[in-house]
Structures are given as C-alpha cells and as structure tokens.
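# Chains, contacts and geometry: an overview
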Amino acid sequence: MSHEHVSNTKRIWFVFGLLSLVTTVEVILGIYKPASLEFTHFIGLNLLNWIFYILTIFKAYYIVWAFMHMEGEKSSLRWSVVSSVVFLVLYLLFILLTEGHYIYGVFKDSTIKWNF
C-alpha cells in the first residue's frame, strides 16, 4: 500500500487569498468607518463592530479548518471542537458586552469622571 503525494499548492494559495481578502476588507472598513455602519446600532453595538467580530471569527474558523486539518477529521470530533469554541467565544462576548455596559453606566451616572 503506497500513498501518493498530492501537492496542496493551489489550496494554500486559495486560503492565502481568501484570508488576505477578508483582512483587506477589515482594514478598509477600519480606515474609512462608513457612517451607515458606525452609527447604526444592533444589540448594543454598532454594525461596524459586529462586522469585525464576524469576520474575525470567520478567519479563526477557516485557519483551524485549513491549517489544523480539521476538514479531514471525523464529524463528531469537528463538532466537538467547533461547538466548544463557538460557545466560549459567545460567552466571552456576552461577558464583555455586559460588563462594558455596566462600566459605562457607572461612569455616566456617577461623580466618577472618565480619566482615560
């Protein structure tokens, strides 16, 4: 039984191009900050921040999928890894948004002033 070596050059360039495109979109949005996205709020954040979160999670998922070879694993292992990470990311996002809103309320309604 011999295994034939398969070149993954085309796939590597595709992954590089896709991740570069997503990063370029993030940078362009970060530089120009379109007013329609920056001043439209959805669930406590502006749409621009939501787009950054979604694109960053997409890049992280795709890096794990492509470079950590998750596509070749069994479905049960993929789902156990991905669902754990998705749960932890959503939990962290919930904590950050909840605590950030609380801290904003403390500084807004009290005699403590913004010093940063």
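This one's a predicted model, so the numbers in the text were calculated from it and none came from an experiment. (Residues numbered from 1 in each chain as written. Predicted model: local features only at pLDDT ≥ 70, side-chain atom pairs only at ≥ 80, totals over all residues. Heavy atoms only, no water.)

## Brief notes about the UniProt feature "transmembrane region" (unreviewed entry) in the protein chain
With numbering matched to this structure, UniProt assigns "transmembrane region" (unreviewed entry) to residues 12-32, 47-67 and 79-97. For residues 12-32, helix accounts for 100% and strand for 0%, while the C-alpha atoms at its two ends are 30 Å apart. The span residues 47-67 carries 100% helix and 0% strand; its end-to-end C-alpha distance comes to 30 Å. (UniProt positions renumbered as here; feature names shortened; annotations may be inferred. Helix = DSSP H or I, 4+ residues; strand = E, 2+ residues; numbered from the N terminus.)

## Quick word on the environment of Met-70
Relative to the helices and strands, Met-70 resides in the loop between α3 (47-67) and α4 (75-109). Distance from Met-70 to Val-82, taken between C-alpha atoms, is 9.5 Å for residues twelve residues apart in sequence. When neighbours within four sequence positions are excluded, Met-70 is seen to be in contact with Val-64, Trp-65, Leu-77, Arg-78 and Val-81. (Contact = heavy atoms within 4.5 Å.)

## Notes on the pattern of salt bridges
A full pass over the atoms with the stated rule returns one salt bridge. The shortest N-O distance in the salt bridge between Lys-59 and Glu-26 comes to 2.9 Å. Here the residue Lys-59 occupies a position in helix α3, and Glu-26 occupies one in helix α1 (residues 9-32), the gap between them amounting to 33 residues. Each member of the pair, Lys-59 together with Glu-26, is buried. (Salt bridge = Lys/Arg side-chain N within 4 Å of Asp/Glu carboxyl O. Buried < 20%, exposed > 50% of the residue type's maximum accessible area, 1.4 Å probe, protein only.)

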